[in-house]
Amino acid sequence: MATVMYLLTLGACFCFVGLKTNIRQKRKMSFRKVNIVILVLAVALFLLVLHHNFLGLSSLLRNEVSDSGIVGLQPVDFIPNAPQRVVDGREEEIPVVIAASEDRLGGAIAAINSIQHNTRSNVIFYIVTLNGTADHLRSWLSSSNLKRIRYKIVNFDTKLLEGKVKEDPDQGESIKPLTFARFYLPILVPRAKKAIYMDDDVIVQGDILALYNTPLKPGHAAAFSEDCDSTSAKVVIRGAGNQYNYIGYLDYKKERIRELSMKASTCSFNPGVFVANLTEWRRQNITNQLEKWMKLNVEEGLYSRTLAGSITTPPLLIVFYQQHSTIDPMWNVRHLGSSAGKRYSPQFVKAAKLLHWNGHFKPWGRTASYTDVWEKWYIPDPTGKFSLIRRHVEISNTK
């Protein structure tokens, strides 16, 4: 406002000086010409004020990062620190969505570090977490060599799951709301046409750009890794039943499931890593479809209780039945967490583009396989809140 007043005063002075000069020159300039001069000065003043306000508005827009109007999922902050090759806008932005819970935060950090180190693409991480974890996550990122990554922390409101999930002590995922973040990708990444989702128990050894460029067939909103692919078939999980087929996730005794006419022997897919066409996702209202089956399961108990046990996979299997593309199996080499033993050769593990520790034996846990591969990307927590469990075990055993 002070700048505007200054410009107005300056303009008035110019007008006064011009008029005074005209009088001295014995009215050589007509009143018409005086009016023209005043008009020109007024226009110039107007343009200066407009330019000043435009600069202020541009600055505001650059700093504004919240997506107003989004219910349940609110961005906390956005850190645009990145090399010039990223911020110059010439490369397509690759959104990577990762859920980060407090008790698994080290996994998310390692995954992010491995992705960032192995690509030169314009990656932005959308890290979904709960309010109580945001400060811890932010301090961890800012004090490590990840301080230059581009990321947005998004708070997941658990109210989104009311009436869609019921607590079940036999199914641990029912009390872990962040496992459902993948259902809400178009809200998490509102302006993107495409995105990658991945769990926090992964390490990426290839360039994430190759995964992002996975071709999706027309009408397909996502591409998953099939459970019957050659890499998954190498591993047989004892006691898990038929985890590679739909019958391992859905209760075919229920009439509502039978009415879908989905073959029980259909190969299932793993939703821990996938590429999403968000334009198609929005067009088909995929999120609403997933929520529908979540509610129906609460009311009727449609998921299998004796085999696979995952409560995030069944809705996806139903909605994407014969309506999804596939990713390269090497981009989701999984079951590294199905036991503490090593099931793959060192050469195969080295060649894998993405390693996935799905299962109970996490690489930061008490016992796990291929921990040396995972720890290469792990960055210790500067706050000391998160630490590797097995390290405590090793120290106690030496005492």
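Each chain carries its own residue numbering, running from 1 in the written order of its sequence. Two thresholds apply to this predicted model, a pLDDT of at least 70 for residue-level local features and 80 or more for giving and counting side-chain atom pairs, whereas whole-chain, interface and lining totals are computed over all residues. With hydrogens and water stripped out, all remaining heavy atoms of the structure feed into the side-chain values.

Under an unreviewed UniProt entry, the protein has the name Glycosyltransferase 8 domain-containing protein 1 and belongs to Bos mutus grunniens. UniProt, in the comment section headed Sequence similarities (unreviewed entry), describes the protein in these words: "Belongs to the glycosyltransferase 8 family." UniProt positions are given in the numbering used here, feature names are shortened, and annotations may be inferred rather than shown by experiment.

Draft legend 1. Here's a closer look at the packing of aromatic side chains. Between 30 and 60 degrees the pair is tilted, below 30 it is stacked and above 60 it is edge-to-face, where a pair is any two Phe, Tyr or Trp rings, Trp via its six-membered ring, whose centres lie within 6.5 Å. With the rule as written, the count across this model stands at 15 aromatic pairs. Between F224 and F269, the ring centres sit 4.1 Å apart and the planes meet at 20 degrees, which makes this aromatic pair stacked. Here F224, found in strand β7 (residues 222–226), pairs with F269, found in strand β8 (residues 269–277); they are 45 residues apart in sequence, far enough to count as distant. We note that F224, like F269, is buried. Plain terms: the ring middles of F224 and F320 are 5.3 Å apart, the flat faces sit at 70 degrees to each other, and that makes the pair edge-to-face. Linking F224 in strand β7 with F320 in the loop between α11 (313–319) and β9 (325–326), this pair joins segments that are 96 residues apart in sequence. An identical accessibility class is assigned to F224 and F320; each is buried. Across from the ring centre of Y212, 5.0 Å away, lies the NZ or CZ of K194, which sits over that ring. Only DSSP runs of H or I covering at least 4 residues are called helices, and only runs of E covering at least 2 are called strands; the numbering of each starts at the N terminus. Per-residue accessibility, obtained with a 1.4 Å probe over protein chains only, is compared with the maximum for each type, and a residue is labelled buried under 20%, exposed over 50%, and partly exposed between these values. Here, a charge over a ring is recorded when the distance from Lys NZ or Arg CZ to the ring centre is within 6 Å and its angle to the ring normal is within 35 degrees.

Draft legend 2. Quick look at the nonpolar core. Think of a nonpolar core as a cluster: buried Ala, Val, Leu, Ile, Met, Phe, Trp, Tyr and Cys residues, connected wherever their side-chain atoms sit within 4.5 Å. Residues V96, F125, I196, M198, I208 and L211 are the most contacted members of the largest nonpolar core, which totals 53 residues. The element best represented in this core is helix α4 (residues 105–117), accounting for seven residues. Core analysis: the second largest hydrophobic core is formed by 48 residues, V189, L278, I286 and L296 among them.

Draft legend 3. Highlighting unusual backbone geometry. Its identity is not glycine, yet N285 carries a phi of approximately 50 degrees, on the positive side. Looking at the element boundaries, N285 is found in the loop between α9 (278–283) and α10 (286–300). Look at H335: it is not a glycine, yet its phi comes out positive at around 70 degrees.

Draft legend 4. Region of the structure containing the side chain of R150. Positionally, R150 belongs in strand β4 (residues 150–156). A distance of 3.2 Å separates the side chain of R150 from the side chain of E93, its partner in a polar contact. Counted as a polar contact is a pair of N or O atoms within 3.5 Å, where, for protein atoms, one must be capable of donating a hydrogen and the other of accepting one, and residues adjacent in sequence contribute only when both atoms are in side chains.

Draft legend 5. Inspection of the state of the cysteines at higher detail. By disulfide we mean two sulfur atoms from cysteines, separated by a distance within 2.5 Å. Counted according to the given criterion, the structure contains one disulfide. The disulfide bridge from C228 ends at C267, spanning 2.3 Å between sulfur atoms. Residues C228 and C267 are joined by a disulfide whose S-S torsion is about 125 degrees; by sign, that bridge is right-handed. Taken as a pair, C228 in the loop between β7 and α8 (255–258) and C267 in the loop between α8 and β8 lie far apart in primary sequence, 39 residues in all. The buried category is assigned to C267, whose relative accessible area is 16%.

Draft legend 6. Local environment of the pairing of strand β2 (residues 93–99). The buried fraction of β2 is high, at six of seven residues. For two strands to pair, DSSP has to find at least two bridges joining them. Of the strand pairs in this sheet, β2 and strand β3 (residues 122–129) are connected by seven bridges, and their pairing is parallel. Directly across from P95, in β3, lies its bridge partner I124. Assignment of crossover handedness uses the view with strands pointing away from the viewer, where a clockwise path from the first strand over the helix to the second indicates a right-handed crossover. What joins β2 to β3 is α4, and the crossover it makes is right-handed. For β2 and strand β5 (residues 194–198), the ladder comprises three bridges, and the chain directions are parallel. What sits directly across from V97, in β5, is Y197.

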